[in-house]
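The lines below spell out each chain.
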Amino acid sequence: MAQTLDSLLAESRDRLKAAGLESAGLDARHLISGLLDLALAALLTRGREPISDEDAARIRAAVERRAAHEPVYRILGEREFFGLKLKLSKETLEPRPDTEILVDCLIPHARRIASSKGSCRIVDLGTGTGAICLALLAAVLDARGLGTDISEDALATALENARRNGLAERFGTVRSKWFEAVDGRFDIIVSNPPYIRSNVIPELEPEVRYHDPVAALDGGEDGLDAYRAIASHAGRHLETDGVIGLEIGFDQKRAVTALFEAQGFRLLSAAKDLGGNDRVLVFQQDIERSNNR
Ligand code: GLN
């Protein structure tokens, strides 16, 4: 009997269920819709259409990778973030929906600065796929962005993502560990740095531990290494009326705030993620303190 979309969906879901994946049905639908370039809705209406042997073989190979805990979007090689389609590569963290909240928190600042100055310069430290910076550029047409990363693979991916999304003219990259190779001042400094404590890495779910790059996850012994490096140089790179936007771990709000306060910044706003955890902090220069210096 010929294989159909429906029969392959059922086969894939059963295989993923047998592998113990709670999201088996959803994962099967996302994998098949991605591989065949079909909208999710089309899976419902076109279920009786035959699938070629070649497509069936591609689907089965992808399902086996998912059964071995490779994440769906790593297998597909791209994922959507803030309406942009972003390519993933070996040394880039898969963009998370929670990180869209950091973008949401910064858009009003980017718009305010762009409308008062006519432009807004953004630096995204540890840009990875470019997700955060590119989303801000897509939302604010007068903004320009610089993405930094220690990984050449990440910088190439971020540039490719800028091209794919029509943002290449306003986006550049530099290879740098945090601010080390960065010159000049910016209106917005943003980062989703590695913030997981080293001793927690072995406990992460296999999807993260084996498939996201460890350099994008491991924040050192107390998880705060990157924040210390960023805080200690941010004053030299932030315009007077600029802001710093950071993603943080669920239990890091107090510690990260203290690090930035010690360098002359004050917490302007904070936001929680979709699960109700502290996830985003926005700082600005503490004007009173700088005046009293
Ligand atoms: N949010 C990521 C996770 O849960 C961690 C990303 C990071 O360290 N910046 O795995």
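Since the model is a prediction, treat every value here as computed from it, not as a measurement.

Draft legend 1. Structural context of the nonpolar core. If you look at the biggest cluster of nonpolar residues, it comprises 32 residues, and the most contacted ones within it are Leu106, Cys120, Ile122, Leu134, Leu137 and Ile188. Elements supplying a minimum of two residues to this core: strand E2 (84–87), helix H6 (99–117), strand E3 (120–125), helix H7 (131–139), helix H8 (152–164), strand E6 (186–191) and strand E9 (278–285). In terms of residues, this core owes the most to one element, H6, which gives eight residues. Listed in part, the 30 residues of the second largest apolar core include Val123, Ile189, Leu246 and Ile248.

Draft legend 2. Spatial organisation of the side chain of His237. As for its position among the elements, His237 is in the loop between helix H10 (225–234) and strand E7 (238–247). Classification of His237 by relative accessible area gives buried; the value is 9%. At 2.7 Å, the side chain of His237 forms a polar contact with the backbone oxygen of Gly184. Setting aside its immediate chain neighbours within four residues, His237 contacts Phe179, Val182, Asp183, Gly184, Arg185, Phe186 and Ile189.

Draft legend 3. Fine view of the UniProt feature "binding site: S-adenosyl-L-methionine" (unreviewed entry) in the protein chain. As recorded in UniProt, the sites labelled "binding site: S-adenosyl-L-methionine" (unreviewed entry) are Gly126, Thr127, Gly128, Thr129, Gly130, Asp149, Trp178 and Asn192. By the secondary structure assignment, Thr127 is in the loop between E3 and H7. In this structure Thr127 touches Cys133, Gly147, Thr148, Asp149, Leu155, Ala158 and Phe171, once residues within four positions along its chain are discounted. Within polar-contact distance, the side chain of Thr127 engages the side chain of Asp124 at 2.8 Å. Summarising the element assignment, Trp178 is placed in the loop between strand E5 (171–175) and E6. With sequence-adjacent residues up to four places away left out, Trp178 is seen in contact with Leu125, Gly126, Thr148, Ser191, Pro193, Pro194, Ala226, Ala229 and Ile230.

Rules of the game
- Chains are numbered independently. Their residues run from 1 in the order of the written sequence.
- At least 70 in pLDDT is required for a residue's local features to be given in this predicted model, at least 80 for side-chain atom pairs to be given and counted, and no such filter applies to totals for whole chains, interfaces and linings, which use all residues.
- With hydrogens and water stripped out, all remaining heavy atoms of the structure feed into the side-chain values.
- Here, the term nonpolar core denotes a set of buried Ala, Val, Leu, Ile, Met, Phe, Trp, Tyr and Cys residues that are joined through side-chain atoms within 4.5 Å.
- Burial here depends on accessible area, computed with a 1.4 Å probe over protein chains only, as a share of the maximum for the residue type. Under 20% is buried, over 50% is exposed, and the range in between is partly exposed.
- Secondary structure elements follow DSSP: runs of H or I of four or more residues count as helices, runs of E of two or more count as strands, with numbering from the N terminus.
- Here a polar contact means two N or O atoms within 3.5 Å. Within protein one must be a hydrogen donor candidate and the other an acceptor candidate, and residues neighboring in sequence count only if both atoms are side-chain atoms.
- The contact rule is simple, with two residues in contact once any of their heavy atoms fall within 4.5 Å.
- UniProt positions are given in the numbering used here, feature names are shortened, and annotations may be inferred rather than shown by experiment.

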